[in-house]
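The primary structure of each chain is shown beneath.
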Amino acid sequence: MSRIGKAIITIPAGITVSEKEGVVTVKGPKGELSQELTEGITIEQNEGTLTVNRPSDAKQHRALHGLYRALIANMIVGVEKGFEKKLELVGVGYRASHAGQKLELALGFSHGIVLELPSEVKVDTLTEKGKNPIITLTSHDNQLLGMVAAKIRSFRKPEPYKGKGVKFVGEIVRRKAGKSA
């Protein structure tokens, strides 16, 4: 059995989990999330705990067992506490600002980049003198948050020679030596 899949999920107080026709819905103080389950994967709920079950030991069922357990656990954490990702802009003249759900980036191109963010994702930009600008993204949906953060990072990935670009805070960029004289 999958070690991740057979782990029991504890449901904190104030969170409700329900399953109807193969769709798991999790409601909490930060919002509501739902995930469709593949046919055969079931959930079993007993007094504040949740167990994900699979119908057989087929390779596909074993793979999906751990996946759905992790997705449901992330949904529960998301509606209770939420998730946060921080991106750092490394480079001279790189700037970030936001107005509502629009994020404006200056990443060294001839034009600025304006990105319209989904309503579930909240954005905050921090610019301090002498430090790199930081973009903070928060949401209750971990999958959506990761996709938005990856989209922002894809505009200018960190390059290996000077380390310039958009990177996650704490990410280590492997550096290369330049040309030797």
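Residues numbered from 1 in each chain as written. Predicted model: local features only at pLDDT ≥ 70, side-chain atom pairs only at ≥ 80, totals over all residues. Heavy atoms only, no water.

(A) Representation of the overall build of the protein chain. Each helix and strand in the protein chain was counted, giving two helices and 13 strands. In terms of overall dimensions, the protein chain is more spread out than a globule: its C-alpha atoms have a radius of gyration of 21 Å, far above the 16 Å expected for 181 residues. Overall, the protein chain is about 65 × 40 × 25 Å in size when its C-alpha atoms are taken along their principal axes. A fraction of 52% describes how many contacts in the protein chain between residues 6 or more apart in sequence connect residues 24 or more apart. If you average the places of the 28 positive and of the 19 negative side-chain charges in the protein chain, the two averages end up 13 Å apart. (Helix = DSSP H or I, 4+ residues; strand = E, 2+ residues; numbered from the N terminus. Rg over C-alpha atoms; globule rule 2.2 N^0.38 Å. Contact = heavy atoms within 4.5 Å. Lys, Arg positive; Asp, Glu negative; His and termini not counted. Charge placed at Lys NZ, Arg CZ, Asp CG, Glu CD.)

(B) Structural view of the packing of aromatic side chains. One pass over the full model with this rule turns up zero aromatic pairs. Positioned over the ring face of Phe109 is Arg156, at 4.3 Å from the centre of the ring. (Phe/Tyr/Trp six-rings, centres within 6.5 Å; stacked < 30°, edge-to-face > 60°. Lys NZ or Arg CZ within 6 Å of the ring centre and 35° of its normal.)

(C) The environment of Ala106, seen in detail. Its location among the elements puts Ala106 in strand S9 (residues 102-106). Along the backbone, Ala106 and Gly93 are 13 residues apart, and their C-alpha atoms lie at a distance of 7.3 Å. Among residues more than four places away in sequence, those in contact with Ala106 are Gly93, Tyr94 and Arg95.

(D) A look at the UniProt feature "domain: Large ribosomal subunit protein uL6 alpha-beta" (unreviewed entry) in the protein chain. This chain's UniProt record puts "domain: Large ribosomal subunit protein uL6 alpha-beta" (unreviewed entry) on residues 11-82 and 90-167. Secondary structure over residues 11-82 splits into 31% helix and 38% strand, and the C-alpha atoms at its two ends are 15 Å apart. For residues 90-167, the end-to-end C-alpha separation is 8 Å, with 17% helix and 37% strand making up the annotated structure. (UniProt positions renumbered as here; feature names shortened; annotations may be inferred.)

(E) Looking closely at the sheet that holds strand S1 (residues 9-10). Spatially, the three strands line up as an open sheet ordered S1-S6-S5, and their pairing is antiparallel. Because the sheet does not close on itself, it has two edges, and the strands there are S1 and strand S5 (42-46). Taken together, the two bridges between S1 and strand S6 (residues 49-53) define a ladder with antiparallel strand orientation. Across the sheet, Thr10 pairs through a bridge with Thr49, a residue of S6. Along the sheet, helix H1 (residues 59-80) makes contact with S1, S5 and S6, crossing S6 at roughly 155 degrees. (Pairing = 2+ DSSP bridges. Axes fitted to C-alpha atoms, helices over the stretch in contact; angles between N-to-C directions.)

(F) A look at helix H2 (residues 142-154). When the terminal C-alpha atoms of H2 are compared, their 18 Å separation across 13 residues agrees well with the 18 Å that a helix rising 1.5 Å per residue should span. When H2 is considered as a whole, its buried residues turn out to be Leu144, Leu145, Val148, Ala149, Ile152 and Arg153. Where H2 is buried, its residues contact strand S7 (83-90), S9, strand S10 (113-116), strand S12 (134-139) and strand S13 (165-168). Capping the start of H2, Asp141 holds a side-chain oxygen 3.3 Å from the backbone nitrogen of Gln143, two or three residues further along. (Expected span 1.5 Å × (residues − 1). Buried < 20%, exposed > 50% of the residue type's maximum accessible area, 1.4 Å probe, protein only. Polar contact = N/O pair within 3.5 Å; in protein donor to acceptor, adjacent residues only side chain to side chain.)

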